[in-house]
Amino acid sequence: MKPARQPVPVHVVGQFSWGLTILFVLASACWVLLPYTGYLFSALVFLMAIVLAGTRWNRGPVLAMAVVSALVWNFIFIPPQFTLHIEKPQDIIMFAMFFVVALSMGHLITRLREREAALEQHHAEREQLLEAKHRAELVAESERLHRTLLDSVSHELKTPIAIIRTALDGLGQGNPYAAEIETANRRLQRIVENFLEMTRVESEALKPRPDWCEVIDVLEQAGKPLERELAAHPLNVSGIADMPLVMLDSRLLAQALGNVLHNATLHAPANTQVEITATLANGELELRVRDHGPGFPLGSEDHLFDKFYRAPDSPAGGTGLGLAISRGLMRAMKGDIEARNHAEGGAEFTLRLPVKTRTA
């Protein structure tokens, strides 16, 4: 099937029309001046018009103008007039030279103009690339300074947090403010740890160190820092019985899973279960975490893993980093994490990770 022919642009049609009009005007003027200038003068005028047209117009109209001007010069100005017949050999040579020169000048000038346009476009693209590179460097430097500052502040906060923890141990359980101070201290410690982990994720400083481990150990490691939060959300774990040893970084996976569990305790009502289902198939470990809360607000699924994103009606005190860190940790281990609303209610997170297996 032949491709459809593209219509001639309107501006090109206009150039053809203007070319014929200009030739008519020039031919009329040269005809009036013919007794004083001779017929060679008209050839020079036509050549000048072709050169000027070549600096502004497309190749087609310029070449057409060159052909028409040669025929007009021959028909009107070269003796015998008003016929295409040429008697004198020198006039035949002049006509042939005029025809060749007109076509060559029109073609070369339009080629030169196209090269100039291409060169200008190249310079413009180069400037855009340089500007984009400069902006990228500024953004990268800004991000680097941001991470450095965040890392520095977070490290500085770890010392007073440790001092508060030591002071709490000295107060004992009888102090009425000890429980509130400890809760606030634990929340502050979690925020600082999230900031530190986020800087590691963004700086690509995480280097997974896989080792053989049991999945049940990963689950226990993930839930241990959340004993108080999970006290109101019993864990229902399934699928780990008879599961073989797997090769993975248990610390990173436990942290990613712990952030998901913490998110479930924040959004699910008290005394509701958090379900963890583990499966292992085709060299991929899959952990599904489902709560029995209200689920995600409509339209928020695409932003859950964005840094500092907090869904509407989220409990106060969060930073919006937990899920972003989980995704960063999973991807650092060549895995990933997804989220959706469960068909029977609640939110469900799926953590997938390629692993090697070994029977214990």
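Residues numbered from 1 in each chain as written. Predicted model: local features only at pLDDT ≥ 70, side-chain atom pairs only at ≥ 80, totals over all residues. Heavy atoms only, no water.

Visitor: Which residues make up the overall build of the chain, and what values go with them?
Guide: Secondary structure summary: the chain contains nine helices and eight strands in total. Burial statistics for the chain: of 360 residues in total, 33% are counted as buried. Sequence separation of 24 or more characterises 70% of the internal contacts of the chain that already satisfy a separation of 6 or more. Accessible area for the chain stands at about 21,900 Å²; split by element, carbon and sulfur atoms hold 60% of it. (Helix = DSSP H or I, 4+ residues; strand = E, 2+ residues; numbered from the N terminus. Buried < 20%, exposed > 50% of the residue type's maximum accessible area, 1.4 Å probe, protein only. Contact = heavy atoms within 4.5 Å. Areas by Shrake-Rupley, 256 points an atom, 1.4 Å probe, with all protein chains shown as cover.)

Visitor: So what about the packing of aromatic side chains? Which residues, and what values?
Guide: Given two aromatic rings, one states the distance between the centres and the angle between the planes to describe the pair. Under the counting rule described, the total for this entry stands at five aromatic pairs. Ring geometry for Phe 46 and Phe 77: centres 6.2 Å apart, planes at 65°, overall edge-to-face. Here Phe 46, found in helix α2 (residues 39-54), pairs with Phe 77, found in helix α3 (residues 59-77); they are 31 residues apart in sequence, far enough to count as distant. Across the pair, exposure class does not vary: Phe 46 and Phe 77 are buried alike. Between the aromatic rings of Phe 75 and Phe 82, the centroid separation amounts to 6.1 Å while the plane-to-plane angle is 80°, which identifies the pairing as edge-to-face. The exposure class of Phe 75 is partly exposed, given its relative accessible area of 34%. Among the aromatic residues, ring-to-ring pairing joins Trp 31, Phe 75 and Phe 82 into one connected group. Cation over ring: Arg 327 sits above Phe 305, and NZ or CZ is 4.1 Å from the ring centre. (Phe/Tyr/Trp six-rings, centres within 6.5 Å; stacked < 30°, edge-to-face > 60°. Lys NZ or Arg CZ within 6 Å of the ring centre and 35° of its normal.)

Visitor: Can you lay out helix α9 (residues 322-332) for me, pointing to particular residues and giving the numbers?
Guide: Of all eleven residues in α9, eight are buried, a share of seventy percent or more. Within α9 the residues assigned to the buried category are Gly 322, Leu 323, Ala 324, Ile 325, Ser 326, Gly 328, Leu 329 and Met 330. Of the residues flanking the end of α9, it is Lys 334, one or two places downstream, whose phi is positive at about 70°.

Visitor: Could you give me a rundown of the sheet that holds strand β5 (residues 284-290), with the residues and numbers involved?
Guide: The strands that make up a sheet are held in pairs by hydrogen bonds between backbone atoms, and each pair lies either parallel or antiparallel. The five strands lie next to each other as β2-β4-β5-β7-β6, forming an open sheet whose pairing is mixed. Each of the sheet's edge strands pairs with one partner strand only, and the pair in question is β2 (235-238) and β6 (336-341). For this sheet, the mean angle separating the axes of adjacent strands, direction not counted, is 15°. Here seven bridges tie β5 to strand β7 (residues 347-354), and the two strands are oriented antiparallel to one another. Residue Val 289 lies in a different strand from β7, and its bridge partner there is Phe 349. Packing of α9 onto the sheet brings it into contact with β6 and β7, and relative to β6 it is tilted by some 140°. (Pairing = 2+ DSSP bridges. Axes fitted to C-alpha atoms, helices over the stretch in contact; angles between N-to-C directions.)

Visitor: Pulling in residues and values, what's your account of a nonpolar patch on the surface?
Guide: Taken together, the side chains of Trp 31, Val 32, Leu 33, Tyr 36, Phe 41, Val 67, Leu 71, Phe 75, Phe 82 and Leu 84 define a hydrophobic patch exposed on the protein surface, amounting to about 1,000 Å² of accessible area. Elements represented by at least two residues in the nonpolar patch include exactly α1 (10-37) and α3. When residues in the nonpolar patch are grouped by element, the largest group, four residues, is from α1. Position of Phe 75 relative to the elements: it lies in helix α3. (Patch = residues over 30% accessible without salt bridge, like charges linked within 9 Å, V, L, I, M, F, W, Y side chains within 5 Å. Salt bridge = Lys/Arg side-chain N within 4 Å of Asp/Glu carboxyl O.)

Visitor: So, the nonpolar core: which residues are in play, and what are the values?
Guide: By size, the foremost hydrophobic cluster in this structure holds 44 residues, and its most contacted members are Leu 248, Leu 253 and Leu 351. Elements represented by at least two residues in this core include exactly α5 (178-202), α6 (215-223), β3 (245-248), α8 (250-267), β4 (274-281), β5, α9 and β7. Top element by residues in this core is α8. It accounts for eight residues. Not counting residues up to four positions away in its chain, the partners in contact with Leu 253 are Val 218, Leu 248, Leu 285, Leu 287, Met 330, Met 333, Leu 351 and Leu 353. Membership of the second largest hydrophobic core comes to 24 residues, among which are Ala 27, Ala 49, Ala 53 and Phe 77. (Core = buried A, V, L, I, M, F, W, Y, C linked by side-chain atoms within 4.5 Å.)

Visitor: Could you give an account of α3, naming the residues involved and the relevant values?
Guide: The end-to-end C-alpha distance of α3, which contains 19 residues, comes to 26 Å, matching closely the 27 Å that a straight helix rising 1.5 Å per residue would cover. Among the residues making up α3, those that are buried are Pro 61, Val 62, Met 65, Ala 66, Ser 69, Ala 70, Val 72, Trp 73, Asn 74 and Phe 77. (Expected span 1.5 Å × (residues − 1).)

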